[in-house]
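# Analysis of the macromolecular model
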Amino acid sequence: MAHTRIASTRGLVTRIASRTARWTAALALALLAMLAAPVVSAQVIAAGQNHTCTLATGGAVKCWGGNYVGQLGNGTNTDSAVAVNVTGLSSAIALVAAGNHTCALVSGDAVKCWGRNVEGQLGNGTGTNSATPVTVTGVTGAKALAAGGNHACAVVSGGAVKCWGYNGYGQLGNGTTTSSTTAIDVSGVSAATELEAGLYHTCALVSGGAVKCWGYNGNGQLGNGTTTQSTTAVDVTGISGATALAVGDSHACALVSGGAVKCWGYNQLGQLGNGTMTQYSTTPIDVIGITGAEVVVAGGDHTCALLAGGAVQCWGENNYGQLGNGTNTRSATPIDVTGVSGATASATGGYHSCAVFAGGAAKCWGYNYFGQLGGAVSGPLASYFTTPQDVVGSPFLANYSLSYSAGANGSISGTSPQTVNHGSSGTAVTAVADTGYHFVQWSDGSTANPRTDSNVTANLSVTAQFAINEYTLTYGAGANGSISGTSPQTVNHGASGTAVTAVADTGYHFVQWSDG
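These notes cover the structure that comes with them.

What counts, and where the lines are drawn
All residue numbers here refer to positions counted from 1 along the written sequence of the relevant chain. Two thresholds apply to this predicted model, a pLDDT of at least 70 for residue-level local features and 80 or more for giving and counting side-chain atom pairs, whereas whole-chain, interface and lining totals are computed over all residues. To get the side-chain values, all heavy atoms of the structure are used, and hydrogens and water are removed first. Going along the chain from the N terminus, every DSSP run of H or I of four or more residues is numbered as a helix, and every run of E of two or more is numbered as a strand. Only the C-alpha atoms count toward the radius of gyration. The rule for a globule is 2.2 Å times the residue count to the power 0.38. Classification of residues uses two cut-offs on accessible area relative to the type maximum, computed with a 1.4 Å probe and protein chains only: under 20% is buried, over 50% is exposed, and between them is partly exposed. Contact criterion: two residues are considered in contact whenever any of their non-hydrogen atoms come within 4.5 Å of each other. Accessible surface is estimated by sampling points in the Shrake-Rupley manner with a 1.4 Å probe; for residues, cover comes only from the protein chains shown. Salt bridges, as used here, are contacts in which a Lys or Arg side-chain nitrogen is within 4 Å of a carboxyl oxygen on Asp or Glu. Cysteine sulfur atoms are paired as a disulfide whenever they fall within 2.5 Å. Strand pairing is defined by DSSP finding a minimum of two bridges between the two strands. All axes here are fitted lines through C-alpha atoms, helices being fitted over the stretch that makes contact, and every angle between N-to-C directions spans 0 to 180 degrees. Ring pairs shown here join Phe, Tyr and Trp side chains whose ring centres sit within 6.5 Å, with only the six-membered ring taken for Trp; geometry is labelled stacked below 30 degrees between planes, edge-to-face above 60, and tilted in between. By the criterion applied in these results, polar contacts are pairs of N or O atoms within 3.5 Å in which, for protein atoms, one can donate a hydrogen and the other can accept it, and in which residues neighboring in sequence qualify only through two side-chain atoms.

So, about the overall build of the protein chain. For the protein chain, the count of helices and strands is zero helices and 40 strands. Rg of the C-alpha trace for the protein chain: 32 Å, well past the compact-globule value of 24 Å for 516 residues, more than 25% over. For the protein chain, the spread of C-alpha atoms along the three principal axes comes to 130 × 45 × 45 Å. When burial is assessed residue by residue, the protein chain has 53% of its 516 residues classed as buried. Restricting to contacts in the protein chain with at least 6 residues of sequence separation, those with at least 24 account for 51%. Summed over its atoms, the accessible surface of the protein chain is roughly 18,900 Å², and 50% of this surface lies on carbon and sulfur atoms.

Going through the model one piece at a time under the given rule, you end up with nine salt bridges. Asp185 is paired through a salt bridge with Lys162; the nearest N and O atoms lie 2.7 Å apart. Of this pair, Asp185 sits in strand S14 (residues 180-185) while Lys162 sits in strand S13 (residues 161-165), and the two are 23 residues apart along the sequence. Relative accessible area serves as the criterion here: at 48%, Asp185 is assigned to the partly exposed category. With its nearest N and O atoms 2.7 Å apart, the salt bridge here joins Lys212 to Asp235. Of this pair, Lys212 sits in strand S17 (residues 211-215) while Asp235 sits in strand S18 (residues 230-235); the two residues are 23 residues apart in sequence, bridging distant segments of the chain. Residues joined by salt bridges that share partners form a network here, namely Asp444, Arg451 and Asp453.

Next up on the list: the state of the cysteines. For the structure shown, the criterion picks out seven disulfides. Here Cys103 engages in a disulfide with Cys113; their sulfurs sit 2.1 Å apart. The sign of the 105° torsion about the S-S bond sets the Cys103-Cys113 disulfide as right-handed. Pair noted here: Cys103 is in strand S8 (residues 101-106) and Cys113 is in strand S9 (residues 110-115), with a separation of ten residues, a long-range link.

A separate point is the sheet that holds S13. Across the sheet, which stays open at both edges, the four strands sit in the order S11-S12-S13-S14 with antiparallel pairing between neighbours. Two strands close off the open sheet at either side, each with one partner strand: strand S11 (144-147) and S14. The average angle at which neighbouring strand axes cross in this sheet is 15°, direction not considered. Taken together, the three bridges between S13 and S14 define a ladder with antiparallel strand orientation. Bridge assignment links Gly165 to a residue of S14, and that residue is Ser180.

With that out of the way, let us pick up the sheet that holds strand S35 (residues 437-442). Spatial ordering of the open sheet is given by S33-S31-S36-S35, a layout of four strands whose pairing is mixed. Whereas interior strands pair on both sides, the edge strands pair on one side only; in this sheet they are strand S33 (418-421) and S35. Direction aside, neighbouring strands of the sheet carry axes that sit 30° apart on average. Bridging between strand S31 (residues 399-406) and strand S36 (residues 460-468) involves five bridges; their strand directions are parallel. Note that in S36 the partner of Ala406 across the bridge is Ala464.

Glancing now at the packing of aromatic side chains. Each pair of aromatic rings is reported with the distance of its centres and the angle of its planes. With the rule as written, the count across this model stands at 16 aromatic pairs. Here the aromatic rings of Tyr320 and Tyr367 are separated by 4.5 Å at their centres, their planes lie at 45°, and the arrangement is tilted. Note that Tyr320 is positioned in the loop between strand S25 (312-316) and strand S26 (331-336) and Tyr367 in strand S29 (residues 362-367), a separation of 47 residues in sequence. Among the residues examined, Tyr367 registers a relative accessible area of 15% and is labelled buried. Both rings, one in Tyr475 and one in Trp513, keep their centres 6.0 Å apart while their planes meet at 65°; by these two values the pair is edge-to-face. Taken together, the residues span a long stretch of sequence, with Tyr475 in the loop between strand S37 (470-473) and strand S38 (481-484) and Trp513 in the segment after strand S40 (501-504) at a distance of 38 residues. Look at Trp513 and you get partly exposed, because its relative accessible area is 31%. Among the aromatic residues, ring-to-ring pairing joins Tyr166, Tyr169, Tyr200 and Tyr216 into one connected group.

Glancing now at the side chain of Asn219. Structurally, Asn219 is set in the loop between S17 and S18. Setting aside anything within four residues of it in sequence, one finds Asn219 in contact with Ser250, Gly265, Tyr266, Gln279, Tyr280 and Ser281.

You can see Ser230 is positioned in strand S18. A polar contact of 2.5 Å, which involves the side chain of Ser230, links it to the backbone oxygen of Thr232. Here Ser230 is in contact with Tyr169, Gly170, Trp214, Gly215 and Leu222, once residues within four sequence places are set aside.

As structure tokens, this is what we get:
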């Protein structure tokens with residue numbers, strides 16, 4: 001389902017991934033270096049069943065797509081195909097999205113959630129949906145998050161885990177099947193470093209690279225060689241040295257040494273990636289042909305991997321084009337997403353997938369009826385896209401400030417400062433000289449005037465430089481005379497030249513200069 005993933009920002013050991021389950025959307029997790037556990041700063045994209053969210057610069061959160069239970073967090077229930085601001089969040093540092101709810105880790109290590117709450121998945125002690133963020137009761141010192149179909153969990157100080165929401169299959173891990181509208185302790189899990197949650201099950205990556213899972217197990221998604229449900233954590237068989245997790249509706253995967261991927265659980269749609277569509281596997285099996293994976297994410301019934309170099313490969317269900325290869329044909333082995341290279345982060349939702357690129361541009365593909373691809377279109381005529389589409393006005397894009405100022409003896413005409421998205425262009429600015437002065441150049445050496453900065457990739461602050469005008473005074477003598485004094489002379493604007501005398505030849509006299 002939805003959870004966190006460690007981000008891959010080209011070259012960093014970070015992984016950020018988010019994925020979703022069919023009824024539970026994927027989530028993505030970003031950890032900040034300021035936290036007690038090892039973490040890295042990164043942008044985060046998280047995808048729910050029919051919505052998508054991003055952790056934006058400065059700790060704001062933006063979401064788009066379906067909003068019928070308030071999962072966009074902007075105080076309304078109106079769907080939006082373009083990003084809207086989540087109300088009242090300005091210090092978020094990690095983000096996850098599930099079926100129809102979203103949660104954020106905020107400064108101070110508290111957790112806030114919004115959206116559907118019928119099963120208590122917002123954790124605030126009620127069963128009432130909320131279109132704005134509410135604080136999860138009983139969670140302090142949170143370090144990582146996961147969101148499942150109708151439940152959510154957090155890693156807290158010391159690596160313990162707390163969960164809240166629906167517990168009909170033991171997915172809260174406390175030894176019961178009693179749901180809880182506030183956070184309760186998971187039994188038998190310590191030293192957890194990452195969480196992932198599916199439709200009715202939950203998994204934790206623990207120190208040393210082992211994996212533990214709990215909850216529903218009818219398709220072997222707990223990975224312990226059985227199909228027996230467990231209300232407490234059990235060890236996944238044959239996994240050691242794992243570095244990241246991904247959990248879909250009813251399957252799970254682990255990133256292991258060498259960038260290989262192993263998956264287990266439901267496989268009737270090829271989501272385990274081993275070349276078969278056998279109903280399920282109760283123990284981990286190798287995904288065919290994956291090496292050098294940096295991030296693995298799982299959607300409802302599909303899985304994707306972000307590879308070294310930034311390509312993305314996906315496998316599993318493809319009924320809405322969520323594999324991104326231009327078809328609706330499911331695949332039991334990894335296939336390339338069309339036109340994606342240089343990606344730095346990835347996320348999967350119920351039936352859609354997304355990638356973020358260096359500089360912050362984003363593309364999404366798959367189901368789009370509610371506008372969850374962010375392309376400013378939605379509805380029956382744009383219900384899905386089988387190849388990546390640009391997220392309009394990508395909320396992931398870094399913003400830069402363009403500041404223009406004038407030195408002595410001039411001014412600026414045009415907007416300054418300007419805020420410009422990464423890769424975009426500013427508007428024209430003109431350096432205007434005072435009377436008697438002229439523009440020389442900008443402090444960065446540019447002589448363009450007016451100037452328009454294009455393909456902006458960094459902040460800019462420049463000053464226009466001006467110089468006083470210089471004039472040449474040239475004096476010449478017509479026939480029958482000569483000039484006494486300096487000619488030509490160079491004189492600054494407003495200054496005076498030196499005296500020049502027109503000397504007439506013998507028998508002639510001076511009449512006037514040619515300027516009258």
